[in-house]
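Tertiary structure, described
Listed below are the residues making up each chain.
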Amino acid sequence: MWASSITAYLHYFGFMVAFAALTVEVFHLKTDMTIDEAKKVAFADAAYGIAATTILVTGVLRVLYFGKSTDYYLGNPFFYAKMGVFIIVSCLSVYPTFTFISWIKDLQSGQVPAIETSRLHLISWLIKGELMGFTLLPLFAAIMARIT
């Protein structure tokens with residue numbers, strides 16, 4: 001019982017941290033960032049990566065060991081919708097993450113990373129797309145839980 005409860009808690013907590021991290025990224029990513037804002041964006045993206053990994057690992061554990069039967073999940077169309085959205089959100093995060101990783105040298109030397117306006121807008125829209133996708137995940141989970 002404890003393992004199941006802790007796994008569920010970490011799954012939900014990972015979701016909340018991921019959503020919060022993306023929100024921090026959206027609000028601090030701008031053309032005239034300060035060094036502190038750029039560091040917040042990079043740190044938030046690292047937290048997002050850890051949270052997304054936590055969601056994935058605990059989700060697999062819930063399907064295989066701690067949730068309803070594996071057949072229940074694999075026979076539920078909303079489970080596939082949820083997984084599809086999670087995969088799309090994960091793919092949307094790749095470009096921003098690699099961009100933020102490329103900032104490490106600048107941030108370590110105390111410089112604000114240079115980023116073109118068009119690239120900044122693209123990254124901002126990708127992050128907003130991730131947030132939109134994350135809003136669908138609880139909906140699909142709620143529907144999935146109510147299908148017998």
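Along each chain, the written sequence defines residue order, and numbers are assigned to residues from 1. Two thresholds apply to this predicted model, a pLDDT of at least 70 for residue-level local features and 80 or more for giving and counting side-chain atom pairs, whereas whole-chain, interface and lining totals are computed over all residues. With hydrogens and water set aside, each side-chain value is computed from the structure's full complement of heavy atoms.

Glancing now at the packing of helix 1 (residues 2-28) against helix 2 (residues 35-66). Helix-helix packing: each pair is described by the crossing angle between the helix axes and the interaxial distance. Axes, fitted as lines to C-alpha atoms, cover a helix only where it is in contact. Angles between the N-to-C directions of the axes lie from 0 to 180 degrees. The way it works is that DSSP assigns letters per residue, a run of H or I at least four long becomes a helix, a run of E at least two long becomes a strand, and they are numbered from the N terminus. Helix 2 packs onto helix 1 with a crossing angle of 155° between their chain directions and a minimal axis gap of 7 Å. By the angle between their axes, helix 1 is roughly antiparallel relative to helix 2. Seen from above, helix 1 lies across helix 2 with left-handed handedness. A class-by-class count of the residues in the contact of helix 1 with helix 2 yields 18 nonpolar, eight polar and five charged. Any angle between 65 and 115 degrees counts as roughly perpendicular, while under 35 counts as roughly parallel, over 145 as roughly antiparallel, and the rest as oblique. Left-handed describes a crossing whose near helix is turned anticlockwise from the far helix by less than a right angle; the clockwise case is right-handed. In this classification, the charged set is Asp, Glu, Lys and Arg, the nonpolar set is Ala, Val, Leu, Ile, Met, Phe, Trp, Tyr, Cys and Pro, and all remaining amino acids, among them Gly, are polar.

Bringing a nonpolar patch on the surface into the picture now. Residues Met1, Trp2, Ile6, Tyr9, Leu10, Tyr12, Phe13 and Met16 make up a contiguous nonpolar surface patch of roughly 960 Å² in combined accessible area. Position of Tyr9 among the secondary structure elements: in helix 1. Residue classification places Tyr9 among the partly exposed positions, given a relative accessible area of 48%. To count toward a patch, a residue needs a relative accessible area over 30% and no salt bridge; like charges are then connected within 9 Å, while nonpolar side chains (Val, Leu, Ile, Met, Phe, Trp, Tyr) are connected within 5 Å. In these tables, accessible area is a Shrake-Rupley quantity obtained with a 1.4 Å probe, and a residue counts as shielded only by the protein chains included in the view. Only one rule defines a salt bridge in this text: a Lys or Arg side-chain nitrogen within 4 Å of an Asp or Glu carboxyl oxygen. Remark: exposure states derive from per-residue accessible area (1.4 Å probe, protein chains only) relative to the maximum for the residue type, with buried under 20%, exposed over 50%, and partly exposed in between.

Our next topic: the nonpolar core. Nonpolar side chains tend to gather and get buried jointly when the protein is soluble and globular. For this analysis, a nonpolar core means a set of buried residues of the types Ala, Val, Leu, Ile, Met, Phe, Trp, Tyr and Cys, connected via side-chain atoms within 4.5 Å. Core analysis: the largest hydrophobic core is formed by 25 residues, its most contacted members being Leu29, Tyr48, Phe100, Trp103 and Phe134. Listing elements by their share of this core, those giving two or more residues are helix 1, helix 2, helix 4 (77-101) and helix 6 (117-146). Sorting elements by how many residues they give to this core places helix 6 first, with seven residues. Every residue pair with non-hydrogen atoms within 4.5 Å of one another is taken to be in contact. Other than its neighbours up to four places away in sequence, Phe100 contacts Glu25, Leu29, Val41, Asp45, Ile123 and Ile127. Grouped together as the second largest cluster of nonpolar side chains are five residues, Val63, Tyr72, Phe79 and Met144 included.

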